Amino acid sequence: MSRPRPTLTHVNDRSSVVDLVTADSCTLPVVDAHRVETVRGAMPAQETVEDLAQVFGLLADPGRLRLIAALLEGGEMCVCDLAAATGHRMSAASHALRLLRAHNVVKVRRAGRMAYYRLADSHVRLLFDLAITHIGHEEKDRSDG
């Protein structure tokens, strides 16, 4: 079921009032037109947002996160070692690593029949560390409340 679109009524140069108020909205929503336009102008391009969603989607899988954590701790590792360290089957680890490689999260180096994986760059560590820090704040907030 689609909700009716709110209509905007002009109040002054900087704001508008929404005529139609839905149950999950403010009693008197006010839109700061200048701020909205500034934010819209600063938003990343649609393609960038879609690429970002793909990266976060890749990182949303616990199995792939375990592989990334193993690479963060162990550096370059072969598929056998990664599977053993993370509790994956070899085929599952290999499949997850192919996905991560396809999206430039990890890189592979081949030596004969062996494939050694490493993180593509330091940005992955930064994302991982920031997420861990963020979770720590959430856990602290829950225990304080």
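It should be noted that the structure appears before, not after, this text.
Residues numbered from 1 in each chain as written. Predicted model: local features only at pLDDT ≥ 70, side-chain atom pairs only at ≥ 80, totals over all residues. Heavy atoms only, no water.

Colleague: How should I be thinking about the pairing of strand E6 (residues 114–119) in this particular structure?
Modeller: Regular strands have side chains that alternate between both faces of the sheet. Of the two faces of E6, the one holding Ala115, Tyr117 and Leu119 is buried and the one holding Met114, Tyr116 and Arg118 is not buried anywhere. Pairing of strand E4 (residues 77–78) with E6, which is carried by two bridges, proceeds in the antiparallel orientation. From the neighbouring strand, Cys78 faces E6, where its bridge partner is Tyr116. Two elements, strand E5 (residues 106–111) and E6, share six bridges in a ladder whose sense is antiparallel. Residue pairing across strands places Ala111 opposite Met114, the latter belonging to E6. (Buried < 20%, exposed > 50% of the residue type's maximum accessible area, 1.4 Å probe, protein only. Helix = DSSP H or I, 4+ residues; strand = E, 2+ residues; numbered from the N terminus. Pairing = 2+ DSSP bridges.)

Colleague: How should I be thinking about the layout of surface pockets in this particular structure?
Modeller: Leftover empty space is mapped by rolling, across the atoms, a probe with the size of a water molecule. Approximately 350 Å³ is the volume attributed to the largest pocket. Surrounding the largest pocket, 16 residues form its lining, Phe56, Leu59, Val124, Leu127 and Phe128 being those nearest its centre. Among the secondary structure elements, those contributing two or more residues to the lining of the largest pocket are helix H2 (46–59), helix H3 (62–74) and helix H6 (122–144). At seven residues, H6 tops the list of elements feeding residues into the lining of the largest pocket. Residue classes in the lining of the largest pocket are distributed as twelve nonpolar, three polar and one charged. (1 Å grid on protein atoms, 1.4 Å probe; cavity = no way out; pocket = protein on both sides within 12 Å on 5 of 7 lines; lining within 4 Å. Points joined across faces, edges and corners; volume = space filled by probe spheres on them. Nonpolar A, V, L, I, M, F, W, Y, C, P; charged D, E, K, R; others polar.)

Colleague: What is the right way to look at the sheet that holds E4 in this model?
Modeller: In sheet architecture, strand pairing relies on hydrogen bonds along the backbone and comes in two forms, parallel and antiparallel. In space, the three strands of this open sheet follow the order E4-E6-E5, with antiparallel pairing throughout. A single partner strand is all that each edge strand has here, and the edge strands are E4 and E5. Docked against the sheet, H3 engages E4, E5 and E6, running at close to 90 degrees with respect to E6. (Contact = heavy atoms within 4.5 Å. Axes fitted to C-alpha atoms, helices over the stretch in contact; angles between N-to-C directions.)

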